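Residue-level listing of the chains:
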Amino acid sequence: MREFILKANKAITSGNVNLKDLPGSCGRLDLVCRCISSAFFLSHDIRRDTVFYSVHYGEPNPPVALKFVGSELKRLSPDERSIAIFIKKALSKEHNSKWRESTPGIYHAKKDFREIVLEKIEKGRNVYFLHLRGKPIKDVINSRTYNEIKDRGFVFILGDHIGLTEEDERFLNDLKIEKLSLSPLELHANQCIDIVHNILDKLEYRR
Ligand SMILES: C[S@@+](CC[C@H](N)C(=O)[O-])C[C@H]1O[C@@H](n2cnc3c(N)ncnc32)[C@H](O)[C@@H]1O
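Residues numbered from 1 in each chain as written. Predicted model: local features only at pLDDT ≥ 70, side-chain atom pairs only at ≥ 80, totals over all residues. Heavy atoms only, no water.

**Digging into the UniProt feature "binding site: S-adenosyl-L-methionine" (unreviewed entry) in the protein chain**
Taking the UniProt record as the reference, the feature "binding site: S-adenosyl-L-methionine" (unreviewed entry) is found at Leu-130, Gly-159, Leu-182, Ser-183, Pro-184, Leu-185, Glu-186, Leu-187 and Cys-192. Its location among the elements puts Leu-130 in strand 8 (residues 126-136). In contact with Leu-130, not counting residues within four places along its chain, are Phe-156, Ile-157, Leu-158, Leu-180, Leu-182, Cys-192 and Val-196. Examined against the element boundaries, Leu-187 turns out to sit in the loop between strand 10 (178-181) and helix 7 (189-205). Here Leu-187 is in contact with Leu-182, Cys-192 and Ile-195, once residues within four sequence places are set aside. (UniProt positions renumbered as here; feature names shortened; annotations may be inferred. Helix = DSSP H or I, 4+ residues; strand = E, 2+ residues; numbered from the N terminus. Contact = heavy atoms within 4.5 Å.)

Have a look at this one:
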């Protein structure tokens, strides 16, 4: 299982999504949609072993968490607008502390970033924070270690255009969550997801 947790600092938290202005009035919802596209879409297929969380901290009612479950998704297509329509539906619902399904495979809840991270630690997942100045990923997840750790599943935490706050970074640090770097260059969040999938695909299929 591969899971991604995106902290979307400015992403809108109501159903008042203007599909013609995802970057502006929706708080970089375009970025969230691109991450979802990278998390799930293959050419003519969907990655069913992937779960993606976006935790929205924008106006008017933060936080709101969305969960996308690859094995259950239906009718979603890779373009930003199509994904934004499903997000709008989920954000239009009333949220409480339990996950509730909005459309197949898409869930919403009143949960914050830290609660979701703690859930993954409690489940014993291999949890990592993707960070420009982390340890090179290949020093930690490689052909030697992959088979030993893969059954626990992988969770990758990443930031949006703003990144994580200092308090969030301290929170992850206190939990001893390792920082992994994918490149010497600063990448977009969706590019990070593409690279992580590619590294894990090569380890999984030994190619
Ligand atoms: C556009 S970057 C964030 C830039 C933001 N100014 C910051 O300081 O975090 C989006 C996210 O992608 C991830 N990221 C970007 N470049 C990375 C790299 N070279 N290695 C690992 N993760 C990276 C980080 O999680 C980052 O928060």
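Read on, since the account is not over.
**Notes on the pattern of salt bridges**
Scanning all chains against the criterion turns up 16 salt bridges. The salt bridge involving Lys-111 is made with Glu-119; its shortest N-O contact spans 3.5 Å. A relative accessible area of 8% places Lys-111 in the buried class. For Arg-170, the salt bridge identified is with Glu-166, shortest N-O distance 4.0 Å. Placement of both Arg-170 and Glu-166 in helix 6 (residues 166-174) is noted, with a separation of four residues, approximately one turn of the helix. One network of salt bridges, in which partners are shared, links Arg-2, Arg-47, Asp-49 and Asp-201. (Salt bridge = Lys/Arg side-chain N within 4 Å of Asp/Glu carboxyl O. Buried < 20%, exposed > 50% of the residue type's maximum accessible area, 1.4 Å probe, protein only.)

**With respect to the packing of aromatic side chains**
The geometry of an aromatic ring pair is captured by two quantities: the separation of the ring centres and the angle between the planes. Scanning the model with the defined rule gives six aromatic pairs in all. Look at Tyr-53 and Trp-99: their rings are 5.9 Å apart centre to centre, the planes differ by 50 degrees, and that puts the pair in the tilted class. Within this pair, whereas Tyr-53 is found in strand 4 (residues 50-56), its partner Trp-99 is found in the loop between helix 2 (80-91) and strand 6 (100-103), the two being separated by 46 residues in sequence. Between Tyr-146 and Phe-154, the aromatic rings sit 5.8 Å apart at their centres with planes inclined by 5 degrees, giving stacked as the arrangement. By the burial criterion, Tyr-146 is buried, and Phe-154 matches it. An aromatic cluster is defined as three or more aromatic residues linked by ring pairs; in this entry it consists of Phe-4, Tyr-128, Tyr-146, Phe-154 and Phe-156. Above the face of the Tyr-57 ring, Lys-7 is positioned so that its terminal group lies 4.6 Å from the ring centre. In this structure, Lys-67 packs its charged tip against the face of Tyr-107, placed 5.2 Å from the ring centre. (Phe/Tyr/Trp six-rings, centres within 6.5 Å; stacked < 30°, edge-to-face > 60°. Lys NZ or Arg CZ within 6 Å of the ring centre and 35° of its normal.)

**Considerations on the side chain of Lys-67**
Among the structural elements, Lys-67 can be located in strand 5 (residues 64-69). This buried residue, Lys-67, is left without a salt bridge; Glu-119 holds the nearest opposite charge, at 6.4 Å. Setting aside residues no more than four positions away along its own chain, Lys-67 makes contact with Val-51, Phe-52, Tyr-53, Trp-99, Gly-105, Ile-106 and Tyr-107. (Lys, Arg positive; Asp, Glu negative; His and termini not counted.)

**Concerning the site of the ligand**
By nearness alone, 17 residues border the ligand, and Leu-130, Leu-182, Ser-183, Leu-185 and Leu-187 come closest of all. Gly-159 is positioned such that a nitrogen or oxygen atom in its backbone is 3.2 Å from an oxygen atom of the ligand. Contact between the ligand and Ser-183: a nitrogen atom at 2.9 Å from a main-chain N or O atom of the residue. At the level of secondary structure, the elements contributing two or more residues to the shell around the ligand comprise strand 8, strand 9 (154-159) and strand 10. (Near = heavy atom within 4 Å. Polar contact = N/O pair within 3.5 Å; in protein donor to acceptor, adjacent residues only side chain to side chain.)

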